[in-house]
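# Architecture at a glance
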Amino acid sequence: MKILVVGSGGREHALAWKLAQSERVQMVYVAPGNGGTAGDVRLQNIDISDPTWLAQFAIKENIAVTVVGPEVPLAAGIVNIFRDHGLKIFGPTREAAQLESSKDFAKAFMKRHGIPTAEYQTFTDIAAAHRYIDSKGAPIVIKADGLAAGKGVVVAMSLQEAHDAVDMMLSDNKLGNAGARVVIEEFLAGEEASFIVMVDGKNILPLATSQDHKRLQDNDEGPNTGGMGAYSPAPIVTPSLHARIMREIINPTVQGMTKDGIPFTGFLYAGLMIDAKGNPKTLEFNCRMGDPETQPIMARLKTDLLTVMEHAVNGTLDAVELEWDRRTALGVVMAAAGYPDVPRKGDVITGIPEETPECVVFHAGTSLSKGQLVTSGGRVLCVVGLGDSVRMAQKQAYETVDKIRFDGAQFRRDIGWRAVKRPA
Ligand code: ATP
């Protein structure tokens, strides 16, 4: 069978890597892929990005299932296009992807269906937005309505920062159309967790829990990034909290989408804030898997991913029981010099070891140039270690990180610190 994975990041490398392990998979195409997917004989990069051309490719190559990694093609309607051609694809339609592509849509949806989230209001009028901030005080959170590649959220600790963020989005148009509308919401304190499920329109299959690290530097300092590391499972999500998240957030979301006439299919990712008392609230929805959460999650998945995907596109996810490696998987992102603002490209990467049962290196911003592996994007690699405890997984990951070299590499030394600190 031939499979197509759409995207070029570490998430897509991990999905393609896992799919290629299936005995029934003959080839996994990755569009456009990266240096890691180019270097793996079971994978083949294809240089097509337009969804209509990709659908033509899928027809010509008799692709059995297409899996979409990033949000941009989903928001552009790649699932609608593939389905119009009778192709099997796992992801939400353009309409359902609004859960991620419009924060105003997501907030109104959550309000309508009683899903716990921060209080908010949406604005297009600058003066009204400024007045609202003054009436609420700081800290307060300003979010661009549309997709802004992680740059559309300002957690303002002072009124000045909040007013500046509104000006940046609504009057200076720094984020273009994405920031033409802003959601201003209550600041939530607590610990974040990622909760990712697969949805086939009606059945819900939760994946292993995970936790991301958004800030660039150790101790959660420095600017926000796409994510500097993640591990799975996340001990903060106890079995009782898991049940509560399913009951209060995930089930009502999937049922609400169906009630609203836009049934959800695809990966549904709830970014959660768990307060000091253990109450979960939804910070955001993503309609795809997280990056870097996918990398440790796929490293732990024992079940054949092709079989899972087949059930997902046929509406029979209720027949699937996932089996997970009992070990912790912990992924450390190695980013390029200059990331997240202006990542430098073209640095030569050396020292990536062969995969072992304890460690696998997923590529993101890498490419092959004249036979050499070079950096070609912000987040370059995600080194995943597996071990019987978070500490053991950390040790495995960092031993490998220390063998890999490229000029200006940036990475955190403390991925997993919350889990290490947590009382057993
Ligand atoms: P991404 O898709 O890259 O995760 P995004 O641009 O969709 O990010 P959000 O996830 O909504 O944005 O917010 C980014 C980060 O901002 C969150 O991970 C969280 O750390 C912080 N944040 C968002 N909303 C709140 C809130 N109401 N209170 C406190 N922190 C918040």
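Quantities reported herein were computed from a predicted structural model and do not represent experimental measurements. (Residues numbered from 1 in each chain as written. Predicted model: local features only at pLDDT ≥ 70, side-chain atom pairs only at ≥ 80, totals over all residues. Heavy atoms only, no water.)

Of regular secondary structure, the protein chain possesses 14 helices and 22 strands. Seen through its C-alpha atoms, the protein chain measures out along the principal axes to roughly 60 × 45 × 45 Å. Here the protein chain, with 424 residues, has 58% of them falling under the buried criterion. Taking the contacts inside the protein chain whose residues are at least 6 apart along the sequence as the reference set, 68% of them involve residues at least 24 apart. For the protein chain, the accessible surface area stands at approximately 17,600 Å², while carbon and sulfur atoms represent 49% of it. Across the protein chain, the 45 positively charged side chains and the 50 negatively charged ones have centroids separated by 2 Å. (Helix = DSSP H or I, 4+ residues; strand = E, 2+ residues; numbered from the N terminus. Buried < 20%, exposed > 50% of the residue type's maximum accessible area, 1.4 Å probe, protein only. Contact = heavy atoms within 4.5 Å. Areas by Shrake-Rupley, 256 points an atom, 1.4 Å probe, with all protein chains shown as cover. Lys, Arg positive; Asp, Glu negative; His and termini not counted. Charge placed at Lys NZ, Arg CZ, Asp CG, Glu CD.)

Strand order in this open sheet of 5 strands is β3-β2-β1-β4-β5, and the pairing throughout is parallel. Strand pairing shows two members of the sheet lacking a second neighbour, β3 (43-45) and β5 (89-90), which therefore form its edges. Pairing geometry for strand β1 (residues 2-7) and strand β4 (residues 63-68), over 5 bridges, is parallel. Bridging from a neighbouring strand, valine 5 pairs with valine 67 of β4. With respect to the sheet, helix α1 (residues 10-20) is in contact with β1, β2 (27-32), β3 and β4, its orientation differing from that of β1 by roughly 170°. (Pairing = 2+ DSSP bridges. Axes fitted to C-alpha atoms, helices over the stretch in contact; angles between N-to-C directions.)

Sheet strands pair via backbone hydrogen bonds, and the direction of the pair is either parallel or antiparallel. Read across the open sheet, the 5 strands follow the order β12-β15-β18-β22-β19; overall the sheet is antiparallel. The open sheet terminates on both sides in strands that have one partner only, identified here as β12 (211-212) and β19 (359-363). In this structure, β12 lies alongside strand β15 (residues 229-232), joined through 2 bridges in antiparallel fashion. Considered in β15, the bridge of glutamine 211 is made with tyrosine 231.

What follows is about helix α9 (residues 159-171). In this model α9 runs 17 Å from its N-terminal to its C-terminal C-alpha over 13 residues, within 8% of the 18 Å that 1.5 Å per residue would give. Buried within α9 we find Ala162, His163, Ala165, Val166, Met168, Met169 and Leu170. Among the structural elements, β6 (120-123), α8 (126-136), β7 (140-144), β8 (153-156) and β9 (182-186) are those in contact with the buried residues of α9. Residue asparagine 173 follows α9 closely and has a positive phi angle near 50°. (Expected span 1.5 Å × (residues − 1).)

This part covers a nonpolar patch on the surface. On the surface, Val153, Val155, Met157 and Phe187 cluster together into a nonpolar patch covering about 310 Å² of accessible area. In this structure, valine 153 sits in strand β8. Since its relative accessible area comes to 33%, valine 153 is described here as partly exposed. (Patch = residues over 30% accessible without salt bridge, like charges linked within 9 Å, V, L, I, M, F, W, Y side chains within 5 Å. Salt bridge = Lys/Arg side-chain N within 4 Å of Asp/Glu carboxyl O.)

The next subject is the layout of surface pockets. Estimates place the volume of the second largest pocket at around 530 Å³. Ile352, Pro353, Glu354, Glu355 and Val361 are the residues nearest the centre of the second largest pocket, which is lined by 26 residues in total. Mapped by element, the contributors of at least two residues to the lining of the second largest pocket are α1, α2 (35-38), β19 and α13 (390-401). Considering only residue class, the lining of the second largest pocket consists of 9 nonpolar, 10 polar and 7 charged. (1 Å grid on protein atoms, 1.4 Å probe; cavity = no way out; pocket = protein on both sides within 12 Å on 5 of 7 lines; lining within 4 Å. Points joined across faces, edges and corners; volume = space filled by probe spheres on them. Nonpolar A, V, L, I, M, F, W, Y, C, P; charged D, E, K, R; others polar.)

The geometry of α8 relative to α9 is characterised by a closest axis approach of 10 Å and an angle of 160° between their N-to-C directions. By the angle between their directions, the pair α8 and α9 is classed as roughly antiparallel. At the point where α8 passes α9, the crossing takes the right-handed sense. Here Ile126, Ala129, His130, Ile133 and Asp134 of α8 come into contact with α9, specifically with Leu159, Ala162, His163, Val166, Asp167, Leu170 and Ser171. When grouped by side-chain class, the residues that make up the contact of α8 with α9 number 7 nonpolar, 3 polar and 2 charged. (Parallel < 35°, antiparallel > 145°, perpendicular 65-115°, else oblique. Left-handed = near helix turned anticlockwise from the far one by under 90°.)

Here the protein chain is described as being made up of domain 1 (2-93) and domain 2 (125-180). Measuring from the centre of the C-alpha atoms in domain 1 to the corresponding centre in domain 2 gives 35 Å. (Domains from an automatic or database assignment.)

Taken together, 17 residues surround the ligand, and among them Lys103, Glu185, Leu188, Glu192 and Glu284 come closest. Between the ligand and the protein, one listed contact pairs an oxygen atom with a side-chain N or O atom of glutamate 192 at 2.4 Å. One of the side-chain N or O atoms of lysine 214 is found 2.9 Å from an oxygen atom in the ligand. When the ligand is considered free in solution it has 600 Å² of accessible area, and contact with the protein chains removes 89% of it. Counting residues per element, the ones that place at least two in the shell around the ligand are β7, β8, β9 and β17 (280-286). If one sorts the elements of the shell around the ligand by residue count, β17 sits on top with 3 residues. Grouping the constituent residues of the shell around the ligand by class yields 7 nonpolar, 2 polar and 8 charged. (Near = heavy atom within 4 Å. Polar contact = N/O pair within 3.5 Å; in protein donor to acceptor, adjacent residues only side chain to side chain.)

For the rest of this paragraph, the subject is the pairing of strand β14 (residues 221-224). One ladder, built from 2 bridges, connects strand β13 (residues 215-217) with β14; its direction is antiparallel. Bridge pairing links glutamine 217 to glutamate 221 in β14. Following β13, the chain reverses through 3 residues before pairing antiparallel with β14; asparagine 219 in that reversal takes a positive phi of roughly 60°.

A word on unusual backbone geometry. With an omega of 0°, the peptide bond between alanine 31 and proline 32 qualifies as cis. Following alanine 138, the chain continues to proline 139 via a peptide bond in cis, the omega torsion being -5°. Here proline 139 lies in the loop between α8 and β7. Positive phi values are uncommon outside glycine, yet asparagine 219 reaches one of about 60°. With respect to the helices, strands and loops of the structure, asparagine 219 is situated in the loop between β13 and β14. Among the residues examined, asparagine 219 registers a relative accessible area of 56% and is labelled exposed.

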